[in-house]
Amino acid sequence: MGIPSNHKAILLATFIAFGGFLFGYDIGVISGCLIMPDFIERFGTVDGSGTAVLSPGRQSIITSLLSAGTFVGALAQAFTSDRFGRRGSILIWSGIFTVGTAVQTGTVHSIVQITIGRFIAGLGVGALSAIVPLYNGETAPKAMRGMLLVLYQLQIIIGIFISYIIDLGTHHINGSASWRIPVGLQMLWGLILLSGIFFLPESPRHLLGTGREAEARRVVAELNSLPEDDPLVLDTIEEFEYGIRMENEGGKATWTECFSQRNLLWKRTINGMMLQFIQQLNGQNFYYYYGDTFFKSAGTELDAYSIQAILGGVSVVGTVPALYLIEAWGRRKSLLTGAIMEAVCALIAGLVGHFMLAAPDTPLDQLTPRNKQGGDVLIAFAVLHVFSFSVFWGPTPWVYLGESFPLRVRPKAIALGSATNWLWNFLLSFFAPRIANDIGPLILLIFFGMLVFGYVYVYFFIPETKGLSLEEVDEMYRSGVKPWNSAGWRPSEKHIHDKADTATEVREVREKDEISA
């Protein structure tokens, strides 16, 4: 038996996670464009004094149309992932994203055109947000699956950070180049992902599920840097075939099966959707989208672009330890710790911001020492909030989503989770500026309440999936183990023997087929 190497699997997962970079970059880049003078003149309206302004309503439409597209794309990819495979689906949606960014970049004055472009780009981003954890969950070795799925979140955060840096560098340019350059660069990112057509393999689980065993064996061998006849490759194929055989007993999967009693799929689907829902209402996206406006009320002398760059840098730094903690601590401990840390930050920042900050648009020379102290505290806890999210709640829900479902319903169940994420992303980006305009920093108390709810939900309903194969996750749910006891759960011997017996049957059938051929 050869010694497997995971180098190729890691490189492949890193490349596929670039889909997260597209997602993050698009989130970040628009927040900077919204306050660029040329962008405001082109897509805003003229007020009574003759000055161009971009009203909160127009900001909401431009920002939220991407999220509306992502909701549709996240659901639509379930059809393409099954019909065209994971690889083909990645290429299709990368192309759609690239078309959407081209439409945005070519806009002259029409707010309709730029919002349509953002919707089209959103279709690609939403689809990729579901396909990336689906693909990595099916190709990554189980001992490294959590870390490789965290790469997706790391790429999202790096995308946000890079967009902030580019906005910082171009906002001084006179004319449309100030926003066309950062927006247009997204076409390059889409083309990079499209280049995967030359080397991306198909998911071996999908290949087996569609009867292409020889191709699946070749992919597994390639990902582990082993010959196709190596015992480890054959054992891996047999394990996949066992899982697929068990999963396919009920015939073709439907959307309603995601909520069926079979293997407690209803519970797993709801858990995946709830984690995405709670993640969006952690409060961090509020800082990403509107942090520059929010921090100005804190009296900072930094410009909006510098504030965004600082938040982006903090997010990148925070996601790096998540690569280790996701496997060292596991999923439950990461989520519970993150909920506590973020809740404390949201509570303090919200109360301090409400009671100590000056009214919006107060000149800097009229700020009192109390106002400035309040601003310093608010910014400090906002940064700590973003950092805590990046370590815990940023990556972990995506990891859980990518490793919780059997093959037959995985594209649909992940689509439902991703669509939930994007639905609440849309609602947050659309309504948050209006709510913040009415109640100011007290909006953070809404996020505080959601984080408390998140802690309770994770404790009572989210089991630990660290170190389990996708097939063993099935058995854990069937076993009825309580989530708070799940960290110590191990697959039963009966499950192992049953799998061995079925694997033997699979091997015997294959050998007979080879002899008859």
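Above this text sits the structure in question.
It should be emphasised that the depicted structure is a prediction, and the values quoted were computed from it without experimental measurement.

Give me the overall build of the protein chain: which residues, what numbers.
Looking only at helices and strands, the protein chain features 21 helices and 2 strands. Here the analysis covers contacts within the protein chain between residues at least 6 apart in sequence; of these, 80% occur between residues at least 24 apart. Counting every atom, the protein chain has about 20000 Å² of accessible surface; 65% of that belongs to carbon and sulfur.

Give me the lowdown on a nonpolar patch on the surface, citing residues and values where you can.
A grouping of I340, V344, V452, Y455, V456, Y459, F460, F461 and W484 is seen on the molecular surface, where their side chains present a nonpolar patch of about 770 Å² in accessible area. At the level of secondary structure, the elements contributing two or more residues to the nonpolar patch comprise α15 (331-356) and α19 (443-461). Considering every element that reaches the nonpolar patch, the biggest residue donor is α19, with 6 residues. Take Y459: it is sitting in helix α19.

Talk me through the packing of helix α18 (residues 410-439) against α19; I want residue IDs and the actual numbers.
Interaxial distance between α18 and α19 falls to 9 Å at its minimum, and their mutual angle equals 125 degrees. With respect to their mutual orientation, α18 and α19 come out oblique. Taken together, the residues of α19 that come into contact with α18 (itself represented by L428, A432, I435, A436 and I439) are I443, I446 and F447. For the contact of α18 with α19, the class distribution of residues is 8 nonpolar, no polar and no charged.

Let's hear about the nonpolar core: which residues, and what values?
If you look at the biggest cluster of nonpolar residues, it comprises 82 residues, and the most contacted ones within it are F23, F39, I90 and W179. For W179, the contacting residues outside a window of four places in its chain are C33, M36, D38, F39, R42, F43, Q104, T107 and I114. Counting residues in hydrophobic clusters, the runner-up holds 38 residues, among them L281, L468, Y477 and W489.

Any chance you could break down the environment of A487 for me, citing the residues and the numbers?
Structurally, the position occupied by A487 is in the loop between α20 (470-479) and α21 (493-516). A relative accessible area of 54% places A487 in the exposed class.

Just give me the short version of the pattern of salt bridges, but keep the residues and values in it.
Going through the model one piece at a time under the given rule, you end up with 7 salt bridges. Here R118 and D26 are joined by a salt bridge, their closest N and O atoms 3.3 Å apart. Here the residue R118 occupies a position in helix α6 (residues 111-139), and D26 occupies one in helix α2 (residues 18-33), the gap between them amounting to 92 residues. The exposure classification of R118 matches that of D26, with both residues buried. We note a salt bridge from R331 to E403, for which the minimum N-O separation is 2.8 Å.

Thresholds applied
Residues numbered from 1 in each chain as written. Predicted model: local features only at pLDDT ≥ 70, side-chain atom pairs only at ≥ 80, totals over all residues. Heavy atoms only, no water. Helix = DSSP H or I, 4+ residues; strand = E, 2+ residues; numbered from the N terminus. Contact = heavy atoms within 4.5 Å. Areas by Shrake-Rupley, 256 points an atom, 1.4 Å probe, with all protein chains shown as cover. Patch = residues over 30% accessible without salt bridge, like charges linked within 9 Å, V, L, I, M, F, W, Y side chains within 5 Å. Salt bridge = Lys/Arg side-chain N within 4 Å of Asp/Glu carboxyl O. Axes fitted to C-alpha atoms, helices over the stretch in contact; angles between N-to-C directions. Parallel < 35°, antiparallel > 145°, perpendicular 65-115°, else oblique. Nonpolar A, V, L, I, M, F, W, Y, C, P; charged D, E, K, R; others polar. Core = buried A, V, L, I, M, F, W, Y, C linked by side-chain atoms within 4.5 Å. Buried < 20%, exposed > 50% of the residue type's maximum accessible area, 1.4 Å probe, protein only.

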